[in-house]
Amino acid sequence: MVSHEESGAGEVEPDSGLRNFGETVKAFRKRAALTQEQLAERVGYSVQYVGSVEQGRRHPSVKFVSRSEEALDAFGVIRIAARELQRRRGLASWFRRWAELEDIAVALNTYECRSIPGLLQTEAYGRAQIDNVPPLVTAGEAEARITARADRQKLLVRTPYIAFSFIIEQAVIERQTGGAEVTREQIDHLLECAKLPNVDIQIMPTIQPFHAGTDGPFQLLETEDNEWLGYSEGQKTGHVISDPKAISVLHQRYAKLRIQALNPADSVGLLMRMRGSL
């Protein structure tokens with residue numbers, strides 16, 4: 001009897017990452033002169049499952065990746081493609097383009113009023129955030145998101161350094177997402193990140209009559225070609241901004257926010273006082 005995992009069930013809408021992985025498996029299958037039926041027999045999965053993976057309509061299981069790598073003698077290529085796919089799997093479809101741009105950034109400015117920016121989140125905070133927002137996800141999807149977030153956080157210490165600036169609303173920390181213990185750990189992590197030579201963290205006080213960020217969170221990024229791009233995100237959607245006039249507006253707003261927020265040294269002091277009050 002074929003299990004749910006080994007059948008063709010559980011298909012998703014294909015994206016570029018899934019399609020690329022499927023094409024990789026298909027290419028090595030043809031190189032081995034095997035039909036889908038023959039590969040299915042060798043890896044212990046149904047023909048429908050193999051077809052769904054090759055068409056980019058299903059996330060491959062760890063077992064499928066391992067068995068396909070061995071059956072097709074793929075020189076490690078299928079495993080490498082699966083690792084990249086897993087990283088992408090944890091990223092929302094509308095965020096993937098921005099995540100790709102982060103990889104070629106020389107500077108990244110972030111204003112956030114909803115939650116701690118992903119690049120600064122602890123694992124516990126990230127898990128609490130995932131658990132808080134419906135609909136609930138599977139354990140596998142939660143792990144994929146945590147893994148993807150941890151992978152992005154390597155940018156903080158990658159050399160040559162990216163210049164990071166974060167402006168975070170005080171209320172985001174005071175919310176205590178995940179509870180007091182998670183918040184203490186998160187503040188400790190922010191304080192450690194603030195010590196990095198390429199990272200500035202500024203806290204926007206809860207009481208601030210003059211505030212340039214009331215239109216919502218946004219990010220600005222400078223590429224290695226010295227091109228500036230912006231990013232705005234809402235419920236289940238995200239938008240990369242390239243229009244020069246819109247970028248100019250965001251630059252003006254971010255410059256004003258940096259003046260209105262506490263400076264980095266005073267922000268560290270506030271974080272330490274908040275930590276002590278928990």
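Everything numeric in this text was worked out from a predicted model, so none of it was measured. (Residues numbered from 1 in each chain as written. Predicted model: local features only at pLDDT ≥ 70, side-chain atom pairs only at ≥ 80, totals over all residues. Heavy atoms only, no water.)

Visitor: What exactly am I supposed to notice about the sheet that holds strand β5 (residues 228–234) here?
Guide: Within a sheet, neighbouring strands are paired by backbone hydrogen bonds and run either parallel or antiparallel to one another. As summarised here, the arrangement of the 6 strands in space is β3-β2-β1-β4-β5-β6, forming an open sheet in which the pairing is mixed. At either end of the open sheet lies a strand with only one pairing partner, and these are β3 (199–204) and β6 (237–241). The sheet shows a mean angle of 15 degrees between the axes of neighbouring strands, direction not considered. Of the strand pairs in this sheet, β5 and β6 are connected by 5 bridges, and their pairing is antiparallel. If you follow Tyr231 over to β6, its bridge partner there is Val240. Contacts from helix α10 (residues 180–194) reach β2 (163–169) and β3 within the one sheet, and its direction differs from that of β3 by about 135 degrees. Along the sheet, helix α11 (residues 244–260) makes contact with β1 (105–112), β2, β3, β4 (218–223), β5 and β6, crossing β4 at roughly 110 degrees. (Pairing = 2+ DSSP bridges. Helix = DSSP H or I, 4+ residues; strand = E, 2+ residues; numbered from the N terminus. Axes fitted to C-alpha atoms, helices over the stretch in contact; angles between N-to-C directions. Contact = heavy atoms within 4.5 Å.)

Visitor: Teacher, can you tell me more about the side chain of Ser46 here?
Guide: Mapping Ser46 onto the fold places it in the loop between α2 (36–43) and α3 (47–54). Only 3.0 Å separates the side chain of Ser46 from the backbone nitrogen of Tyr49, close enough to count as a polar contact. (Polar contact = N/O pair within 3.5 Å; in protein donor to acceptor, adjacent residues only side chain to side chain.)

Visitor: Got a minute to help me understand the pattern of salt bridges in this structure?
Guide: As a working rule, side chains carrying opposite charge can pair if their charged atoms are close by. Counted according to the given criterion, the structure contains 13 salt bridges. Here Glu233 ties to Arg114 by a salt bridge, and the two come within 3.6 Å at their closest N and O atoms. Placement of the pair is Glu233 in strand β5 and Arg114 in the loop between β1 and α7 (123–132), with a sequence separation of 119 residues. Relative accessible area serves as the criterion here: at 35%, Arg114 is assigned to the partly exposed category. As a salt-bridge pair, Asp151 and Lys154 come within 3.5 Å of each other at their nearest N and O atoms. Using a relative accessible area of 26% as the deciding quantity, one classes Asp151 as partly exposed. What emerges from the salt-bridge pattern is a single network uniting Glu112, Arg114 and Glu233. (Salt bridge = Lys/Arg side-chain N within 4 Å of Asp/Glu carboxyl O. Buried < 20%, exposed > 50% of the residue type's maximum accessible area, 1.4 Å probe, protein only.)

Visitor: What is the right way to read empty space enclosed by the protein from this model?
Guide: Counting across every chain of the model gives 2 cavities of 30 Å³ or more. Roughly 40 Å³ of volume is contained in the largest cavity. If you trace the largest cavity, you find it lined by Ile116, Tyr125, Val172, Ile173, Gln176, Thr177, Thr183 and Gln186. Of all the secondary-structure elements, those providing two or more residues to the lining of the largest cavity are α9 (170–174) and α10. (1 Å grid on protein atoms, 1.4 Å probe; cavity = no way out; pocket = protein on both sides within 12 Å on 5 of 7 lines; lining within 4 Å. Points joined across faces, edges and corners; volume = space filled by probe spheres on them.)

Visitor: Help me out: how do you make sense of the packing of aromatic side chains in this one?
Guide: Within a pair of aromatic rings, the relevant descriptors are the distance that separates the centres and the angle that separates the planes. What the rule picks out here adds up to 9 aromatic pairs. An angle of 85 degrees between the planes, with centres 5.4 Å apart, marks the rings of Tyr45 and Phe64 as edge-to-face. With Tyr45 in the loop between α2 and α3 and Phe64 in helix α4 (residues 62–72), the pair connects residues that are 19 residues apart, well separated along the chain. Exposure remark for Tyr45: the relative accessible area of 4% places this residue in the buried category. (Phe/Tyr/Trp six-rings, centres within 6.5 Å; stacked < 30°, edge-to-face > 60°.)

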